[in-house]
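A structural walkthrough
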Amino acid sequence: MLETLTYIALVVTVLITGYYAWIFVRDPEAAMKTATHRTECLPRVMAGRYVVVFLFTLGVLVHDTAAVSAYFFAVCAFLGLHDGWVYWRRGLPHFKHTITGLLALGALGIALLALTTSGDAV
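Residues numbered from 1 in each chain as written. Predicted model: local features only at pLDDT ≥ 70, side-chain atom pairs only at ≥ 80, totals over all residues. Heavy atoms only, no water.

We now examine the overall build of the chain. Within the chain, the secondary structure is distributed over 5 helices and 0 strands. Along the chain direction, N to C, the helices and strands of the chain fall in the order α-α-α-α-α. Over its C-alpha atoms, taken along the principal directions, the chain stretches across nearly 45 × 45 × 25 Å. In the chain, 37% of the contacts between residues at least 6 apart in sequence involve partners at least 24 apart. (Helix = DSSP H or I, 4+ residues; strand = E, 2+ residues; numbered from the N terminus. Contact = heavy atoms within 4.5 Å.)

Right, let's talk about the packing of aromatic side chains for a bit. Counted according to the given criterion, the structure contains 2 aromatic pairs. With 5.2 Å between their ring centres and 75 degrees between their planes, Tyr-19 and Tyr-20 make a pair best called edge-to-face. Residue class for Tyr-19 comes out partly exposed when judged on its relative accessible area of 43%. (Phe/Tyr/Trp six-rings, centres within 6.5 Å; stacked < 30°, edge-to-face > 60°. Buried < 20%, exposed > 50% of the residue type's maximum accessible area, 1.4 Å probe, protein only.)

What follows concerns the side chain of Thr-98. Position of Thr-98 among the secondary structure elements: in helix 5 (residues 95-117). Since its relative accessible area comes to 18%, Thr-98 is described here as buried. Residues in contact with Thr-98, not counting those within four places in the same chain, are Gly-80, Leu-81 and Gly-84.

Moving on, we get to the layout of surface pockets. Here the largest pocket is characterised by a volume of approximately 2500 Å³. In terms of lining residues, the largest pocket is bounded by 43 residues, among which Met-46, Arg-49, Leu-79, His-82 and Asp-83 are the most central. Of all elements in the fold, only helix 1 (2-26), helix 2 (28-34), helix 3 (42-63), helix 4 (66-89) and helix 5 reach the threshold of two or more residues within the lining of the largest pocket. Tallying contributions element by element places helix 4 first for the lining of the largest pocket, with 15 residues. Of the residues that constitute the lining of the largest pocket, the class distribution is 28 nonpolar, 8 polar and 7 charged. (1 Å grid on protein atoms, 1.4 Å probe; cavity = no way out; pocket = protein on both sides within 12 Å on 5 of 7 lines; lining within 4 Å. Points joined across faces, edges and corners; volume = space filled by probe spheres on them. Nonpolar A, V, L, I, M, F, W, Y, C, P; charged D, E, K, R; others polar.)

Between two packed helices, both the angle of their axes relative to each other and the distance between the axes serve to describe the pair. As a packed pair, helix 4 and helix 5 sit with axes 7 Å apart at the nearest point and diverge in direction by 160 degrees. Regarding the angle of helix 4 to helix 5, the classification is roughly antiparallel. The two elements helix 4 and helix 5 meet at a crossing, and its hand is left-handed. (Axes fitted to C-alpha atoms, helices over the stretch in contact; angles between N-to-C directions. Parallel < 35°, antiparallel > 145°, perpendicular 65-115°, else oblique. Left-handed = near helix turned anticlockwise from the far one by under 90°.)

Right, let's talk about the confidence of the model for the chain for a bit. Here the chain shows a mean pLDDT of 94. Residues at 70 or above account for 97%. Averaged pLDDT values over the elements of the chain bottom out at 94 in helix 2 and peak at 97 in helix 4. (pLDDT = per-residue confidence, 0-100.)

Here it is as structure tokens:
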């Protein structure tokens, strides 16, 4: 029963975050209003985001499976490369974001290699 409720909570979370991802991709300015975000609060919001990424990383480290690591590094590669692309397109410094994405992409390759050579690949 509790496992089912946990699964339902995950599905609800996917739906909510997917909705916000969709509206931010389509119209970031309107999405800021929908999400009730304020530009002046962005530095504090980013502090929370970095704490969350740290906690996710810690969780992946503790869970310690190649499959979870591969998924995590794929997400991190997207995050870094997307942010780098956003800044690059505007002619702004992007190296820190882009290199983070590229390093995560390299780590993804290592995790996938570990996954496929361990016998645990699906």
